[in-house]
Amino acid sequence: MTQKIFIGGEWRLGRGDTTVSRFPADGSVNAEFPAASLDDVEDAISAADAAWRTPDWADRQPHQRAEVLYRVSDLIMARQEELARLQTRDNGKPLAETRALVASAAGTARYVAAACETLEGELPTQRNADFMTFSTYEPLGVIAAITPWNSPIASEMQKIAPALAGGNAVILKPAEATPLAALKLAELFEEAGLPKGLLSVLPGRGRIIGDALVRDPRVRKISFTGGTSTGRHLAHIAADKLIGASLELGGKSPTIICEDADLEQAVRGVVYGIFSSGGQACIAGSRLFIHESQYDAVLERLLAVTRDLRVGHPETDGVHIGPLISEAHRDSVAAYVDQARAEGARILTGGQAPSDPALVSGSYYLPTVIDGLKPDSAVCREEIFGPVLVVLPYRDEADLIAQANDSVYGLASGIWTADYRRAWHLARKLEAGTVWINTYKKFSIATPFGGYKESGLGREKGRQGIQAYMQQKSIYLGLDSAPIGWSR
Ligand code: ADP
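Residues numbered from 1 in each chain as written. Predicted model: local features only at pLDDT ≥ 70, side-chain atom pairs only at ≥ 80, totals over all residues. Heavy atoms only, no water.

Of all hydrophobic cores here, the largest spans 78 residues; its most connected members are Ile76, Met157, Phe189 and Leu199. Looking at this core, the element that brings in the most residues is helix 5 (residues 95-117), giving 10 residues. Residues within four places of Phe189 in sequence aside, it is in contact with Val68, Leu69, Val72, Met157, Ile160, Leu164, Leu194 and Leu199. Counting residues in each nonpolar core, the second largest holds 37 residues, with Ala25, Phe275, Ala284 and Leu288 among its members. (Core = buried A, V, L, I, M, F, W, Y, C linked by side-chain atoms within 4.5 Å. Buried < 20%, exposed > 50% of the residue type's maximum accessible area, 1.4 Å probe, protein only. Helix = DSSP H or I, 4+ residues; strand = E, 2+ residues; numbered from the N terminus. Contact = heavy atoms within 4.5 Å.)

For the rest of this paragraph, the subject is the domain arrangement of the protein. Examined at the domain level, the protein breaks down into domain 1 (5-249 + 455-474) and domain 2 (254-437). Each of domain 1 and domain 2 has a C-alpha centre, and these two points are 31 Å apart. Taken residue by residue, the interface counts 22 residues in domain 1 and 24 residues in domain 2. A combined buried area of about 1800 Å² lies between domain 1 and domain 2, and 54% of that area is made up of carbon and sulfur atoms. In this assembly, domain 1 and domain 2 are joined by 1 salt bridge. A salt bridge links Arg89 to Glu315, with the shortest nitrogen-to-oxygen separation between them at 3.8 Å. Where domain 1 packs against domain 2, one counts 8 residue pairs in polar contact (both at pLDDT 80 or more). Elements that contribute at least two residues to the side of domain 1 that touches domain 2 include exactly helix 4 (80-91) and helix 5. (Domains from an automatic or database assignment. Buried area = accessible area lost by both parts, 1.4 Å probe. Salt bridge = Lys/Arg side-chain N within 4 Å of Asp/Glu carboxyl O. Polar contact = N/O pair within 3.5 Å; in protein donor to acceptor, adjacent residues only side chain to side chain.)

It is worth spelling out helix 7 (residues 180-191) at this point. The end-to-end C-alpha distance of helix 7, which contains 12 residues, comes to 17 Å, matching closely the 16 Å that a straight helix rising 1.5 Å per residue would cover. Immediately beyond the C-terminal end of helix 7, within one or two residues, lies Gly193, with a positive phi of roughly 95 degrees. (Expected span 1.5 Å × (residues − 1).)

This brings us to the pattern of salt bridges. Using the criterion set out here, one finds 32 salt bridges in the structure. Arg99 is paired through a salt bridge with Glu81; the nearest N and O atoms lie 2.7 Å apart. One end of the pair, Arg99, is in helix 5; the other, Glu81, is in helix 4, with 18 residues separating them in the sequence. Taking relative accessible area as the criterion, Glu81 reaches 33% and is therefore assigned partly exposed. Residue Lys473 is joined to Glu138 by a salt bridge in which the shortest nitrogen-to-oxygen separation is 3.0 Å. Residue Lys473 is located in strand 21 (residues 470-478), and its partner Glu138 is located in strand 5 (residues 131-139); the two are separated by 335 residues in the primary sequence. Connected via shared salt-bridge partners are Arg79, Glu82, Lys184, Glu187 and Glu191.

A few words now on the site of the ligand. Around the ligand sit 19 residues, and of these Thr147, Lys173, Glu176, Gly227 and Thr230 come closest. Between Thr147 and the ligand, the recorded distance is 2.7 Å, taken from a backbone N or O atom to an oxygen atom. In the environment of the ligand, an oxygen atom lies 2.6 Å from a nitrogen or oxygen atom belonging to the side chain of Lys173. Here the ligand loses 80% of its free accessible area of 540 Å² to cover by the protein chains. Taken together, the elements giving at least two residues each to the shell around the ligand come down to helix 8 (206-215), strand 9 (219-225) and helix 9 (228-241). At 4 residues, the largest contribution of residues to the shell around the ligand is made by helix 8. Among the residues making up the shell around the ligand, the classes are represented as 7 nonpolar, 8 polar and 4 charged. (Near = heavy atom within 4 Å. Areas by Shrake-Rupley, 256 points an atom, 1.4 Å probe, with all protein chains shown as cover. Nonpolar A, V, L, I, M, F, W, Y, C, P; charged D, E, K, R; others polar.)

Written out as structure tokens, the structure is:
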């Protein structure tokens, strides 16, 4: 049966180009179906624009809105294995990772539901004899959510849940490569009783479907996760329309091993930070700084742990690294490594596809460690989004901070040290939206997330995450019964 898409609360065949979801482990086709057309975008937006204004949603008490999210959270966990497998088919991440992403989506829905129930306006308390003021939060309207392929269900819930909790309608444009988990999520929202029209899921080409969506005047906020160049393009559109854009973009995050760090803890943390998800994570710790006095010793342990990682079929238990999302993406990762080689860098491990015959039909690439690069090399500066770690020595703290911050990006960073004062000091100096100290790539839904510099704009998650999808209205209530005296 051909996969239908979710437009304004109805399952319909898309009227656009054919879209294909492939399993990156062997290139086989998971699904091939017509994606959304521009007419489908129009239908979804008009349904959304009506839905968020209907009393059925607009007049619901926060706890009644929250009920839908609690139900969705339960439905997700009841189908965790199915959703994880679906996502592994879509993007090739090992099952252990996709199970965690599904649990994260369920946790997000639950957290946002609880935050929604306790959402409050503000009563400014400045004393005034003749009036008092309230500040209430109101929905923005129709939200365009555009997501990448690397963590579909988790990043999608991070947008859908707070937008709905804030009383908005959401139109989700998932990445071309990963439409299936997003469509399944729509099924669960429907089953949880979300009124029609509040959610649409429109698979299709970013440049056509995504573009039409964000340009429509009825769309009042863009919530985007993806590459920096696409994010910048969307920010221009948002500026023209004078609407908000929340942009969660790329990174080239530094991780630092100080001389006093617990070596084993630091090395295992760094390896996890760069090589989990095959490095296909905006927060990947892709630049490692090691103090020059310990450079060789740390590197030796790092290489030993890296060489032990199991690269293999993502549905096999115990695999650390599955295939990259596509052949084309693997080619782009390999091109960076080739460039490093040509520039005279040392490829200390990896630097090629695995030779195992069982893996030749998938887009696999070995975890790769490179050093000896000049700091201005593109390999040092650009986001590779693959299993490639660049290692750099540092002399002292001033040199470290200068090198670590010498990047257009500022998404995340990691510090490994036994000295909490030093950790605090470095954490304050690093230009990054998230700093992990003696841990890496761990997430709390209660903690705001977003980038400095070209890594993004705005923050997701946390209790303020719902207000990011709302606008404040200030209401003045006159208390004086006499006329305003001015015109006397
Ligand atoms: P990546 O696939 O490397 O994350 P993108 O940032 O381009 O790269 O993709 C993230 C999401 O943005 C995808 O859903 C993609 O379809 C969408 N997208 C790409 N270009 C545009 C565009 N011009 N307008 C709207 N959405 C876009």
